[in-house]
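# Structural overview
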Amino acid sequence: MGSQLVNTLEREDPCRLQALREFYSGKRVVITGGMGFIGSNLAIALVELGAHVLIIDSMIPEYGGNTFNIEPIRARVKVNISDVRDRTSLNYLLQGQDLLFNLAGTLSHVDSMRDPFTDLEINCVSQLAILESCRLYNPHIKIVFAGTRGQYGRTSGKPVAEDTPMQPVDVNGINNVAGEAYHLLYNDVYGIRACSLRMTNTFGPRHQMRHPRQGVLNWFIRQLIDGEKIRLYGTGTQIRDINYVADVVEALLLAMSDERTNGEAFNLGGEALSLRQFVELAIEVNGGGEYELVPFPPEAKIIEPGDYVADYSKFHKLTGWKPRVSVREGIRRTLEYYRTYKHWYWGEHPAGVPPTPFENLPFGA
Ligand SMILES: NC(=O)c1ccc[n+]([C@@H]2O[C@H](COP(=O)([O-])OP(=O)(O)OC[C@H]3O[C@@H](n4cnc5c(N)ncnc54)[C@H](O)[C@@H]3O)[C@@H](O)[C@H]2O)c1
């Protein structure tokens, strides 16, 4: 249940683990969106590396926050249920902190078209507010921003490097372009150290499993566990560049701990597979399952970005990062996690208790 990354580094790369421990031990680290998928996996690794972690998360029900996500560290982490749209809270909470992993955001491309103003407030206006809080109250903090491959929009299908023109196909992509640009601007103009990781489709334990709008890979895993037929839109041949979450956590830790990342944006990437290949692999690892091809719903078709293959050589050359976990192994671990803890993520909990036991959480600043 602890950090898969720390366990892997203990076995495979003790020098890197030692360097990360030396950097993070005793640091005061904030994670916005830390109750969500990537943020909670990161929080667990940071606590195991000796950091003092404060999570800021609004726990808006439709998004990915889940109190069970931080179960392994619940007594060793502080949680403040705040919204990054609340500037007064941010001004207070960001003071005295050394590092900020800025992961609070909305992910759904479809939702950003249905409700563009919420996406604008969270992914764009709030990002500027966070940076202003840092400028006014804590200019020595370093920030890693969670960018997205959605910033590029439709690409040619060839590997996409960071200097590829950005032509987002939805409101979420546009707001992330701006959110990232604010961070790099504050780095250049005010010297508030910041960089961005443009993440690609990420899957693994602690992703929300109630709906597919924040990413389909984990949704396919849920359908397999429930014995449902997986529904693939179109021909299923659309390519995604896929990362397992422990590898993304390592990338975040490396980006933060390396001063050469300041003012830069980097792609992450992993294995480029069609969604159909991912599903066929998942069925094989699961030992059974079925899928069918169904027509795209019109609202998904119109913002479908097409094939995406990342060129992540810029980040690899600088930090040595590359994925350690194959998609096959990631699927195996993800199936195992949700088979064990499924009731914290969907359906009825067997003990009849709500899946968010707030009363036991160590709230505070
Ligand atoms: N998961 C992916 O495949 C992926 C891909 C590209 C980029 N990203 C980026 O990584 C970041 C984290 O994604 P994730 O997959 O962990 O999503 P997630 O939904 O699991 O986590 C995001 C967290 O942010 C919180 N949050 C949302 N709005 C907030 C607000 N206004 N105030 C405070 N907290 C708020 C949510 O409650 C949630 O816990 C996001 O910025 C996302 O755009 C993720």
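For the structure, check the block above.
Quick look at the structure, then.

Basis of the calculations
- Residues numbered from 1 in each chain as written.
- Predicted model: local features only at pLDDT ≥ 70, side-chain atom pairs only at ≥ 80, totals over all residues.
- Axes fitted to C-alpha atoms, helices over the stretch in contact; angles between N-to-C directions.
- Helix = DSSP H or I, 4+ residues; strand = E, 2+ residues; numbered from the N terminus.
- Parallel < 35°, antiparallel > 145°, perpendicular 65-115°, else oblique.
- Left-handed = near helix turned anticlockwise from the far one by under 90°.
- Contact = placed C-beta atoms within 7 Å.
- Nonpolar A, V, L, I, M, F, W, Y, C, P; charged D, E, K, R; others polar.
- Near = placed C-beta within 6 Å.
- Core = buried A, V, L, I, M, F, W, Y, C linked by C-beta atoms within 7 Å.
- Buried ≥ 20, exposed ≤ 12 C-beta atoms within 10 Å, placed from the backbone.

## Observations concerning the packing of helix α3 (residues 37-48) against helix α9 (residues 245-257)
- At their nearest, the axes of α3 and α9 sit 9 Å apart, and the two run at 65° to each other. The angle between the axes of α3 and α9 places the two elements in the roughly perpendicular class. Considering how the two elements wind past one another, α3 and α9 form a crossing that is right-handed. Counting all contacts with α3, which are made through F37, I38, N41, L42 and A45, the residues of α9 involved are V245, A246, V248, V249, L252 and L253.
- Split by residue class, the contact of α3 with α9 holds 10 nonpolar, one polar and no charged.

## Description of the site of the ligand
- In the neighbourhood of the ligand, 31 residues make up the surrounding shell, with G33, G36, G64, G65 and G105 lying closest.
- Of all the elements in the fold, those that place two or more residues in the shell around the ligand are α3, β5 (142-148) and β7 (201-203).
- No other element matches α3, which puts three residues into the shell around the ligand.
- Split by residue class, the shell around the ligand holds 13 nonpolar, 15 polar and three charged.

## A short note on the nonpolar core
- With 94 residues, the main nonpolar core has A43, L46, V53, F220 and L252 as its most contacted residues.
- For this core, the element with the most residues is α9, which contributes 10 residues.
- The residues touching F220, leaving out its near neighbours within four places in the chain, are I230, F278, V279 and A282.

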